[in-house]
Amino acid sequence: MSSPLVVFEGVRRTFEQGRVVALDGIDLHIEAGEFVAVTGPSGSGKSTLLNLMGAMDLASSGTVTIAEQRLTDRRSMETVRRDQIGFVFQMHNLVPVLTAAENIALPMLPRRLPAAERRARCLSLLEQVGLRERADSNVRGLSGGERQRVAIARAMIHEPPLLLADEPTGNLDSKTGTAVMELIHAMRRRSGSALVLVTHNEELCAGCDRWLHLVDGRLSNR
Amino acid sequence: MLSYVWRNLLTRKIRTALSVLGVSASVAGIVALISIAYGMRSSIDAYMEGGGASLIVYSGHVADLIFSSVKQEELDAIAAWDDVEDVSRSHFFMVKPPAPLDGGESDLAMLFCFGRYRGERMLEQFATRLTEGGLFRNKNEIIASVSIADALGWKLNDEVEVFPGQAFKVVGLYESPSNWEQLGVMMDADVLGEKLGRRDNYNIAFIYCKTADGARSADEISAATAAAIQEKYPHLKAIKPGEFTSSFKEQLAIMDEFIAMITVIALVVGVLGVLNTMMMSVHERTREIGMLRALGWSRGWVIKLILLEGVVLCAIGGAFGLLFGYLGSELLIAAYPQAHLVAVYLPSTFVKGGIVAFAVGLLAALYPAYAASNLRPVVALRYE
Ligand SMILES: Nc1ncnc2c1ncn2[C@@H]1O[C@H](COP(=O)(O)OP(=O)(O)OP(=O)(O)O)[C@@H](O)[C@H]1O
Ligand SMILES: [Mg+2]
């Protein structure tokens, strides 16, 4: 059996010279293709955990290993982010001056793909999220749900092994939220990506392979 | 990437326009300054070269040609050399222009007076530049440029007081490609020499050497003559007419220093303006930059994005600057006709302007790019 996609060993993350402990001794494994739900009260460290998994942040102590790459410095973080991670945020975080297709292409720019191929991939992704005909519209003209679909396409364009979603439906009404969640699942199944979903909405955790509950920076059984 | 940069600049139209304007003003100033400075040089060269002489001879040690003194006996000796066909002696003086004949006021700043001798090639050849009348024949006749005649209301055969109380008859009108001659009159060299208190010495002499003989080219002959003059009369300088501005460095170096100083000031002003714009733009896009990092952009790519933005901004500013520099010079020339400025637009001047614009863009974007790349993605994404 191959080694796990994500390995946390004794991970602590503190802020403000150790006065704020956001994560306190986390050990966990996530296998390729798994769907892991993360819940917990506000301030329990969910976003901090996700940022560490997404190679956006470094642990104060303990080790984080993603796809056999131990995160120790900026360089290892940048490589892991580029090759392993797709991010979907609560806020869509699209670049307002660009079109849908251009937004989706952003992660591809540092990967030096020929423009035509890049464009073809963007269009196929937009097709998958049902926004093919909006490819060249400015994202300012899109609804909240549509923007989040663009953000999903952007996160998936390089078929990352690990898709991280921090309250992706937090700003959407429940009907649109459900549709967006279905889309995330459809997309990740197609590429075989693992999904770590942070949410307050326990309904969205249905069907997960594992459910992590955080309380005060610690994992508690549920 | 470029369309991303472009779109960012277009979104903040007013700010972008102001920065572009700032950069273009810097570049335009530099282009205009250099072009007009070259124009000045080229009008000096045009004067020196206009007579078609092989060499010009003047005192090598003086700071201004006005003080140059080439002695009659030296010129007599040189004229006797085999390789020399003609020596044309010349005086040169500037006076306040007399009042116009029609009683009005002229906006002429000064009048150039050239002293020449009949029978010497420099003047005789000048006959081809006459548009009316003929060359002067005696000491109370002059020829004047058409533009001077226009400015002062002179017509052919008018009696005019070039110097107070000293009247001359205008017997010919000319047009010259030399700006100096265009601003002047020509008269008998003895008359001007007397005015200057010079006896048997001249500002400058134009030497006409033999053209190619069987063994040597014209260039070789004039080079040998120049060497011989400088050897025999070490205080004299003998050079090709076209080399005058480049050999008369002492005076012109001040102009170059001045240009360099203005260039530096323009550069600093341009950099500060663009720096401010770029810092604001980076600050406003903190979240966006954090998001790009989360999407897998390395620090290097963020730096590239911001640098490119600065360079594109300044490329546009530079392009306008080159255009404004050209238009500005022409405007300046048109606005001050009495200064008789000319601008010479060398390709190298526009290249310099382009380099300045590029440098401004790069320098001004350097720090914002560094600052943007230093944003920690997690912190940037939390930024509201
Ligand atoms: N950059 C930071 N500086 C200081 N404290 C921080 C920082 N990031 C997180 N924290 C603190 O760490 C704790 C965990 O924060 P985190 O954002 O992970 O919580 P969360 O579970 O995602 O909460 P929410 O559900 O409200 O998003 C909080 O007490 C928070 O104030
Ligand atoms: Mg959170």
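Residues numbered from 1 in each chain as written. Chains lettered and ligands numbered in written order. Predicted model: local features only at pLDDT ≥ 70, side-chain atom pairs only at ≥ 80, totals over all residues. Heavy atoms only, no water.

Novice: Is there a simple way to explain the overall build of chain B in this structure?
Specialist: Secondary structure summary: chain B contains 14 helices and 12 strands in total. Relative to the 2.2 N^0.38 estimate, which gives 21 Å for 384 residues, the radius of gyration of chain B is 29 Å and therefore markedly larger than a compact globule would have. With respect to the three principal axes, the spread of C-alpha positions in chain B is 90 × 60 × 35 Å. Within chain B, buried positions represent 51% of all 384 residues. (Helix = DSSP H or I, 4+ residues; strand = E, 2+ residues; numbered from the N terminus. Rg over C-alpha atoms; globule rule 2.2 N^0.38 Å. Buried < 20%, exposed > 50% of the residue type's maximum accessible area, 1.4 Å probe, protein only.)

Novice: Explanation requested: the interface of chain A and chain B in the structure shown.
Specialist: It is common to give the size of an interface as the accessible area lost on bringing the parts into contact. Listed per partner, the contact involves 25 residues of chain A and 23 residues of chain B. Across the chain A to chain B interface the summed buried area is about 2200 Å²; carbon plus sulfur atoms make up 60%. When residues of chain A are sorted by the area they lose upon contact with chain B, Met56, Arg81 and Val97 of chain A head the list and together hold 23% of the total. In this structure, the connection of chain A to chain B is made through three salt bridges. Salt-bridge contacts for arginine 376 of chain B lead to aspartate 57 of chain A; the nearest nitrogen and oxygen are separated by 3.3 Å. In terms of residue count, helix α2 (residues 74–84) of chain A provides more of the side of chain A that touches chain B than any other element does, four residues in total. The residue inventory of the side of chain A that touches chain B, partitioned by class, reads 12 nonpolar, three polar and 10 charged. (Contact = heavy atoms within 4.5 Å. Buried area = accessible area lost by both parts, 1.4 Å probe. Salt bridge = Lys/Arg side-chain N within 4 Å of Asp/Glu carboxyl O. Nonpolar A, V, L, I, M, F, W, Y, C, P; charged D, E, K, R; others polar.)

Novice: Hey, could you run me through helix α7 (residues 189–196) of chain B in this one?
Specialist: Each full turn of the α-helix corresponds to 3.6 residues, which orients residues three or four apart in the same direction. Residues and elements named next belong to chain B. Along α7, the positions that sit buried rather than exposed are Ala189, Val191, Leu192 and Gly193. In the core, the buried residues of α7 are packed alongside β3 (84–95), β4 (111–116), β7 (159–163), β8 (166–174) and β9 (184–188). Positive backbone phi, at 70°, marks glycine 197, one or two positions downstream of α7.

Novice: In this structure, what is going on with the sheet that holds strand β5 (residues 69–70) of chain A? I would like to understand it.
Specialist: Paired through backbone hydrogen bonds, the strands of a sheet run either parallel or antiparallel to each other. Here we have four strands laid out as an open sheet, ordered β2-β1-β4-β5 (chain A), and antiparallel in their pairing. Both outer strands of the open sheet, β2 (20–30) and β5 of chain A, are each paired with one neighbouring strand and no more. (Pairing = 2+ DSSP bridges.)

Novice: How should I be thinking about a nonpolar patch on the surface in this particular structure?
Specialist: Residues and elements named next belong to chain B. Together, Ile14, Leu18, Leu21, Phe320, Leu323, Phe324, Tyr326 and Leu327 give the surface a local cluster of nonpolar side chains, amounting to about 790 Å² of exposed area. Taken together, the elements giving at least two residues each to the nonpolar patch come down to α2 (13–50) and α12 (299–335). Counting residues per element, the nonpolar patch draws most heavily on α12, at five residues. Residue placement: isoleucine 14 occurs in helix α2. Residue class for isoleucine 14 comes out exposed when judged on its relative accessible area of 65%. (Patch = residues over 30% accessible without salt bridge, like charges linked within 9 Å, V, L, I, M, F, W, Y side chains within 5 Å. Areas by Shrake-Rupley, 256 points an atom, 1.4 Å probe, with all protein chains shown as cover.)

Novice: What is the right way to read the packing of α12 of chain B against helix α13 (residues 347–374) of chain B from this model?
Specialist: Two measures define how a pair of helices packs: the angle their axes make with one another and the distance between the axes. All names here are of chain B. In the contact formed by α12 and α13, the axes pass within 7 Å of each other and the chain directions differ by 150°. Overall, the two elements α12 and α13 adopt an arrangement that is roughly antiparallel. As for how α12 packs across α13, the hand of that crossing is right-handed. Here the contact of α12 with α13 is built from residues that sort into 18 nonpolar, seven polar and one charged. (Axes fitted to C-alpha atoms, helices over the stretch in contact; angles between N-to-C directions. Parallel < 35°, antiparallel > 145°, perpendicular 65-115°, else oblique. Left-handed = near helix turned anticlockwise from the far one by under 90°.)

Novice: It is not clear to me how the packing of aromatic side chains should be interpreted in this structure. Could you clarify?
Specialist: Ring pairs (aromatic) are described by centroid distance and by the angle formed between their planes. All names here are of chain B. Within the structure shown, the criterion is met by 18 aromatic pairs over all chains. One aromatic cluster in this structure is built from Tyr47, Phe92, Phe112, Phe114, Trp180 and Phe206. The ring of tryptophan 301 has lysine 304 sitting right over it, with the charged end atom 4.0 Å from the ring centre. (Phe/Tyr/Trp six-rings, centres within 6.5 Å; stacked < 30°, edge-to-face > 60°. Lys NZ or Arg CZ within 6 Å of the ring centre and 35° of its normal.)

Novice: How should I be thinking about the side chain of glutamate 309 of chain B in this particular structure?
Specialist: All names here are of chain B. Note on placement: glutamate 309 falls in helix α12. In terms of polar contacts, glutamate 309 uses its side chain to reach the side chain of arginine 285, at 2.9 Å. In contact with glutamate 309, other than residues within four places in its own chain, are Val5, Asn8, Leu9, Met278, Ser281 and Arg285. (Polar contact = N/O pair within 3.5 Å; in protein donor to acceptor, adjacent residues only side chain to side chain.)

Novice: Mind showing me how you'd approach the pairing of strand β6 (residues 85–88) of chain A here?
Specialist: One face of the sheet, then the other: side chains in a regular strand alternate in exactly this way. All names here are of chain A. Residue alternation in β6 divides its side chains into two sets, Ile85 and Phe87 and Gly86 and Val88, and both sets are buried. When β6 meets strand β7 (residues 162–166), the two strands line up parallel, connected through four bridges. Each residue of the ladder has a partner; that of isoleucine 85, found in β7, is leucine 162.

Novice: Hey, could you run me through the environment of lysine 304 of chain B in this one?
Specialist: By secondary structure assignment, the location of lysine 304 of chain B is in helix α12. Residues lysine 304 of chain B and alanine 369 of chain B, 65 residues apart in the sequence, show an inter-C-alpha distance of 7.6 Å. With near-sequence residues (within four places) excluded, lysine 304 of chain B lies in contact with Arg112 of chain A together with Met1 of chain B.

Novice: What is the right way to look at the domain arrangement of chain B in this model?
Specialist: All names here are of chain B. When its domains are assigned, chain B resolves into domain 1 (2–43 + 251–381) and domain 2 (55–239). Listed as interface residues are seven residues of domain 1 and, on the opposing side, 10 residues of domain 2. At the boundary of domain 1 with domain 2, total buried surface from both sides reaches about 660 Å², with 47% on carbon and sulfur atoms. At the junction of domain 1 and domain 2, the tally comes to zero residue pairs in polar contact (both at pLDDT 80 or more). Considered class by class, the residues forming the side of domain 1 that touches domain 2 number three nonpolar, four polar and no charged. (Domains from an automatic or database assignment.)

Novice: Explanation requested: the pairing of strand β1 (residues 55–59) of chain B in the structure shown.
Specialist: All names here are of chain B. Most of β1 sits inside the fold, with five of its five residues counted as buried. Two elements, β1 and strand β11 (residues 204–209), share three bridges in a ladder whose sense is antiparallel. Among the inter-strand pairings, leucine 55 is bridged to a residue of β11, identified as isoleucine 207.

Novice: Could you clarify how one ought to interpret the pattern of salt bridges in this entry?
Specialist: Close approach of charged atoms allows side chains with opposite charge to pair. Per the stated rule, a full pass over the model turns up 23 salt bridges over all chains. Linking arginine 12 of chain B and glutamate 284 of chain B is a salt bridge whose minimum nitrogen-to-oxygen distance equals 3.1 Å. With a gap of 272 residues between them, arginine 12 of chain B in the loop between α1 (2–11) and α2 and glutamate 284 of chain B in helix α10 (residues 249–284) connect regions that are remote in the sequence. In this structure glutamate 284 of chain B comes out as partly exposed when scored by relative accessible area, which is 45%. Notably, a salt bridge pairs arginine 216 of chain B with aspartate 83 of chain B, separated by 3.0 Å at the nearest N-O pair. With arginine 216 of chain B in the loop between β11 and α8 (218–232) and aspartate 83 of chain B in the loop between α3 (72–79) and β3, this pair connects stretches of sequence that are 133 residues apart. Here aspartate 83 of chain B falls in the buried class, since its relative accessible area comes to 18%. Here the salt bridges do not stand alone but share partners, grouping Arg12, Asp24 and Arg218 of chain A into one network.

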